[in-house]
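Read off the chains here:
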Amino acid sequence: MFGLFKKFCSGLAKTKQRLFQTLGSIFRSDKINPANLESIEEALYTADFGVETTEEIIAQIRQTHKENKNFQQQDILSITTHVLSRVLQGSEGRLPAPVDIHSSPEVLYLVGTNGSGKTTTAAKCAHYFQQQGRKVIVGACDTFRMAANEQIHTWSQRLEFELVASQHGADAAAVAYDTYKAACHRQKDLVILDTAGRLHTKEGLMKELVKMKRVLQKQTENLSEHTWLVLDGSLGANAITSVQRFHEILGLTGIVMTKLDGTSRGGSLVGIYRQLQLPIYFLGLGEKPDDLQPFSSEDYIRALLGETREN
Ligand code: GDP
């Protein structure tokens, strides 16, 4: 098993385990009947794949079973795999290749609600992109949460990335500006900005992010910006309203889903992508620096449905 796929498997183990509690018993039974179709449906809902995708999978199982006398219980997995692959087509976020040294640095904003994993993701992303050969600098723009500065500082020492920070309570847009300027002077090509957590319902706080973006947009023509929403995977599909609101106000360009290792609702990614078609860049599959992995829809689906038939 390759390292990356192994990470997906261990990070998604809880969702898979829960899914297979039901599917496993259906594989042992001899027939598809209305009762076990209902159980499959319930298992798909529990994994949080969303109403549309679940209904599509169930309809296809029903149809294939009707048409094919040789229907095998394992066909349930291939149908589910097929539907998920189709829904997730185009979902893998691809960062543009590193910009050349003479152009201005790219900016990556990490936004989201409190505790969703932004600070941790900022550090892990810095580590990931440095390993890819990018010249990274991180701005500690979460000047609101007491521990955030200290937390990102500890990460910067541990993972050896450069950091621009200010006092607790400082203007976040000013920290973003200082970080951007430092990036230009030190010839960095990627600025990662950790921002304070906010609820999508707090208009004032949302406007702060808009201001931060405006300040940096003034620094150069055609600033290359990425605005990723860091989503707590354990919230499941309930997060959709907040994603929509962040998207309306900030124009999100991607999603990072964290804490998938701690939930059995790891299927929510499918419904969120289906509804918003925002590319998924990374998955948080654990607490270690390299537990943040670039999203691969194939590995994601295989880790949920593949190989082990029963758990
Ligand atoms: P912020 O408020 O959005 O900056 O959230 P933090 O980055 O402080 O993260 C909140 C908590 O979630 C911390 O205890 C992190 O260690 C934890 N966390 C973040 N990402 C992951 C993940 O992918 N897996 C697990 N298990 N924990 C995570």
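For the structure, check the block above.
Section: the overall build of the protein
A tally of regular secondary structure across the protein gives twelve helices and eight strands. Computed over the C-alpha atoms, the radius of gyration of the protein is 21 Å, within 12% of the 19 Å expected from 2.2 N^0.38 for a compact globule of 311 residues. If you line up the protein on its principal axes, its C-alpha atoms span 70 × 40 × 35 Å. Here the protein, with 311 residues, has 50% of them falling under the buried criterion. Of the roughly 14,400 Å² of accessible surface on the protein, 48% is carried by carbon and sulfur atoms. The average position of the 35 basic charges and that of the 35 acidic charges among the side chains of the protein differ by 1 Å.

Quick notes on the site of the ligand
Taken together, 17 residues lie near the ligand, and K118, T119, T120, D261 and E287 sit nearest. For the ligand, an oxygen atom lies 3.0 Å from a polar atom in the side chain of Q151. A distance of 2.7 Å separates a nitrogen atom of the ligand from a polar side-chain atom of D261. Summarising the interface, the protein chains cover 81% of the accessible area of the ligand, which totals 580 Å² for the free molecule. Looking at the shell around the ligand residue by residue, the classes come out as one nonpolar, eleven polar and five charged.

Points about the nonpolar core
Core analysis: the largest hydrophobic core is formed by 72 residues, its most contacted members being L19, I40, F49, L193, L283 and Y300. If one sorts the elements of this core by residue count, helix α8 (residues 172–185) sits on top with seven residues. Of the residues that make up this core, three or more belong to each of domain 1 (4–87) and domain 2 (106–295). If sequence neighbours within four positions are ignored, L283 has contacts with F8, M257, L260, L269, D291, L292, Q293, F295 and Y300. Ranked by size, the runner-up nonpolar core spans 22 residues in total, among them A123, V136, A140 and L190.

Quick notes on the side chain of T263
Take T263: it is sitting in the loop between β6 (254–258) and α11 (268–276). A polar side-chain atom of T263 sits 2.9 Å from the main-chain amide nitrogen of R265. Non-local contacts of T263, meaning those with residues more than four positions away in its chain, are made with K14, T15, G233 and S234.

Things to note about the pairing of strand β4 (residues 190–195)
Among the six residues in β4, six count as buried, and that is most of the element. When strand β1 (residues 106–111) meets β4, the two strands line up parallel, connected through five bridges. Within β4, the position partnered with L108 by the bridge is I192. In this sheet, β4 lies alongside strand β2 (residues 136–141) in parallel orientation, the contact comprising six bridges. Bridging from a neighbouring strand, G139 pairs with L193 of β4.

Thresholds, definitions, all that
- Residues numbered from 1 in each chain as written.
- Predicted model: local features only at pLDDT ≥ 70, side-chain atom pairs only at ≥ 80, totals over all residues.
- Heavy atoms only, no water.
- Helix = DSSP H or I, 4+ residues; strand = E, 2+ residues; numbered from the N terminus.
- Rg over C-alpha atoms; globule rule 2.2 N^0.38 Å.
- Buried < 20%, exposed > 50% of the residue type's maximum accessible area, 1.4 Å probe, protein only.
- Areas by Shrake-Rupley, 256 points an atom, 1.4 Å probe, with all protein chains shown as cover.
- Lys, Arg positive; Asp, Glu negative; His and termini not counted.
- Charge placed at Lys NZ, Arg CZ, Asp CG, Glu CD.
- Near = heavy atom within 4 Å.
- Polar contact = N/O pair within 3.5 Å; in protein donor to acceptor, adjacent residues only side chain to side chain.
- Nonpolar A, V, L, I, M, F, W, Y, C, P; charged D, E, K, R; others polar.
- Core = buried A, V, L, I, M, F, W, Y, C linked by side-chain atoms within 4.5 Å.
- Domains from an automatic or database assignment.
- Contact = heavy atoms within 4.5 Å.
- Pairing = 2+ DSSP bridges.

Just geometry here; none of it tells us what the structure is for.
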